[in-house]
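# Tertiary structure, described
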Number of protein chains: 2
Amino acid sequence: MTDTSWLNQLQDNGCRVTSARRAVVETVQGSPRALTPVEVFDLARQRYSALGLVTVYRTLEKLEELHLIQRVHQPHGCQAFISAGHGHQHLLLCKQCGQVEFFDGDDLKPLTESIEQRTGYQIQEHWLQLFGLCEKCK
Amino acid sequence: MTDTSWLNQLQDNGCRVTSARRAVVETVQGSPRALTPVEVFDLARQRYSALGLVTVYRTLEKLEELHLIQRVHQPHGCQAFISAGHGHQHLLLCKQCGQVEFFDGDDLKPLTESIEQRTGYQIQEHWLQLFGLCEKCK
DNA sequence: TTGAAATTGAAAATCAATTTCAATAATTGT
DNA sequence: ACAATTATTGAAATTGATTTTCAATTTCAA
Ligand SMILES: [Mn+2]
Ligand SMILES: [Mn+2]
Ligand SMILES: [Zn+2]
Ligand SMILES: [Zn+2]
């Protein structure tokens, strides 16, 4: 996913390419950790100083609709966003520095089937998130 | 966990037993689904009509401190609370009616060890949540 | 180049959550 | 039972995040 590609996808969905959007897109796309709207605002203004916070909210909303970013839920808050993972992936977060990694290969089928039998529920989705310390922080 | 026990635990931690707290405790404790502060407010006022929303927030805060309730994160929002699970348990939520069940017996050790090797992270915690349809709703 | 349509940021409005505070209610010691 | 002490209360004000409104500007297809 390159910078151009995010802007292209916006364009393909009837959006116009503007300086404000470029600044937001470049900021969020390059971040190794999840950013809140205000953090995006502060960082993106270094690229385009006339940027308004409202446009940050509006752009994040569009990027989330297109599944280019995703919301990250954490004990401290659930307002931050990160570049979306690809396919079936889950998040691994460093509790120290906030660095985000994606992983895949989790197999929850045995677990969910056993729980379906025990509870009578039909399981459709799961949320899985790991927390720990990254190589630098541990 | 009976009603008395929650109020006793509050009392043991230096809190007084009041009508307002009784109403909030009885409401949250008896709920099969997660409730937001405003939902607690509306339901608890049927028991004690003079209740204030501020007291709901304050009581929920205390109950969470004592680990008697826990916050439930969902796609639509992360403000709701439910009676806490016991020991190492995770949530199973009905997407239709919101009914909450707890389950245990998940074994993520093989997965986390493999991810520790792949990523160099030291994994400390995990969040797991299942979504689906309960017996009645499916 | 032109003009329609999307986008912008400032300001106002909304909504959830917290703080302040004087009045009230629960406990403690008598 | 009865004060005296202290926690608790709800109303109102405040804060902080997000959304809406709107007139001015910018983008882009023709
Ligand atoms: Mn998975
Ligand atoms: Mn587990
Ligand atoms: Zn780290
Ligand atoms: Zn259900």
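Just so it is clear, the structure is predicted and the values come from calculations on it, not from any experiment. (Residues numbered from 1 in each chain as written. Chains lettered and ligands numbered in written order. Predicted model: local features only at pLDDT ≥ 70, side-chain atom pairs only at ≥ 80, totals over all residues. Heavy atoms only, no water.)

All names here are of chain A. Following both chains from N to C, one finds helix H2 (residues 19–29) and helix H4 (residues 53–65) inclined at 65°, their axes separated by 10 Å at the closest point. Considering only the axes of H2 and H4, their crossing is right-handed. Note on element contacts: H4 touches H2 through Thr-55, Val-56, Thr-59, Leu-60, Lys-62 and Leu-63, opposite Ala-20, Arg-21, Val-24, Val-25 and Val-28. Tallied by class, the residues present in the contact of H2 with H4 amount to seven nonpolar, two polar and two charged. (Axes fitted to C-alpha atoms, helices over the stretch in contact; angles between N-to-C directions. Helix = DSSP H or I, 4+ residues; strand = E, 2+ residues; numbered from the N terminus. Left-handed = near helix turned anticlockwise from the far one by under 90°. Contact = heavy atoms within 4.5 Å. Nonpolar A, V, L, I, M, F, W, Y, C, P; charged D, E, K, R; others polar.)

Surveying the vicinity of DNA strand C reveals 21 residues, the closest of which are Thr-18, Arg-21, Thr-55 and Arg-58 of chain A together with Tyr-57 of chain B. Among the atoms of DNA strand C lying within 4 Å of the protein, the sugar-phosphate backbone contributes 63%. Contacts to DNA strand C include Arg-21 of chain A, whose side-chain N or O atom sits 2.6 Å from a phosphate oxygen. Here a phosphate oxygen of DNA strand C sits 3.1 Å away from a polar atom, N or O, in the main chain of Val-17 of chain B. Where the surface near DNA strand C is concerned, the elements lending two or more residues are H2 and H4 of chain A together with helix H4 (53–65) of chain B. For the surface near DNA strand C, the element with the most residues is H4 of chain A, which contributes four residues. (Near = heavy atom within 4 Å. Polar contact = N/O pair within 3.5 Å; in protein donor to acceptor, adjacent residues only side chain to side chain.)

Here the focus is the interface of chain A and chain B. Note on interface size: it is often stated as the accessible area lost on association of the parts. Contacts between the two partners involve 38 residues from chain A and, on the opposite side, 38 residues from chain B. Carbon and sulfur atoms supply 63% of the area that chain A and chain B bury against each other, a total of about 3300 Å² over both sides. Looking at the side of chain A facing chain B, the largest losses of area belong to Tyr-121, Trp-127 and Phe-131 of chain A, adding up to 23% of the total buried there. The interface formed by chain A and chain B includes 16 residue pairs in polar contact (both at pLDDT 80 or more). Of all the elements in the fold, those that place two or more residues in the side of chain A that touches chain B are strand E1 (69–74), strand E3 (90–94), strand E4 (100–103), helix H5 (109–119) and strand E5 (122–133) of chain A. The greatest single-element share of the side of chain A that touches chain B, amounting to 12 residues, is contributed by E5 of chain A. Examined bridge by bridge, E5 of chain A and strand E5 (residues 122–133) of chain B share 11 bridges and lie antiparallel to one another. Paired with Glu-125 of chain A across the two strands is Phe-131 of chain B, which belongs to E5 of chain B. (Buried area = accessible area lost by both parts, 1.4 Å probe. Pairing = 2+ DSSP bridges.)

What follows concerns the relation of the copies chain A and chain B. At an RMSD of 0.1 Å, chain A and chain B line up after a rotation of 179° and a shift of 0.0 Å along the axis. Expressed as an axis order, the relation between the two copies is that of a two-fold axis. Closest approach to the rotation axis within chain A is made by the C-alpha atom of Leu-128 of chain A, at a distance of 2.3 Å. (Least-squares fit on C-alpha atoms with pLDDT ≥ 70 in both.)

With that settled, consider the sheet that holds E4 of chain A. A sheet is described by the order of its strands in space; here six strands give the open sequence E4(A)-E3(A)-E5(A)-E5(B)-E3(B)-E4(B), paired in mixed fashion. Edge positions in the sheet fall to E4 of chain A together with strand E4 (100–103) of chain B, since each has one partner strand and no second. Neighbouring strand axes in the sheet, compared pairwise and without regard to direction, differ in orientation by 25° on average. As defined by bridge partners, strand E3 (residues 90–94) of chain B adjoins E4 of chain B across four bridges and the pair is classed as antiparallel. Note on E4 of chain B: the bridge partner recorded for Leu-92 of chain B is Glu-101 of chain B. Seen against the sheet, H5 of chain A touches E5 of chain A together with E3, E4 and E5 of chain B and runs at an angle of roughly 130° to E5 of chain A. Helix H5 (residues 109–119) of chain B rests against E3, E4 and E5 of chain A together with E5 of chain B of the sheet, and its axis sits at about 130° to E5 of chain B.

Attention shifts here to the coordination of the manganese ion (ligand 2). When a metal carries six donors in an octahedron, the ideal angles between them are 90 or 180 degrees, while four donors in a tetrahedron ideally lie at 109.5 degrees. Residues and elements named next belong to chain B. Every protein donor of the manganese ion (ligand 2) is listed here as His-88 (NE2), His-90 (NE2), Asp-106 (OD) and His-126 (NE2), and their distances to the metal cover 2.0 Å. Within one chain, the residues serving as donors to the manganese ion (ligand 2) are arranged as H-x1-H-x15-D-x19-H. With His-90 in strand E3 and His-126 in strand E5, the pair connects residues that are 36 residues apart, well separated along the chain. His-126 carries the same exposure label as His-90, and that label is buried. (Donors = N, O, S within 2.8 Å, 3.2 Å for Na, K, Ca; no water. Buried < 20%, exposed > 50% of the residue type's maximum accessible area, 1.4 Å probe, protein only.)

Residue and element names in this part refer to chain A. When cut into domains, chain A gives domain 1 (3–83) and domain 2 (90–132). If you average the C-alpha positions of domain 1 and of domain 2, the two centres end up 26 Å apart. Summing both partners gives a buried area of about 660 Å² for domain 1 against domain 2, and 66% of it is carried by carbon and sulfur. Three residues, Pro-32, Arg-33 and His-73, lead the burial of domain 1 against domain 2; their summed loss comes to 45% of the area buried on that side. (Domains from an automatic or database assignment.)

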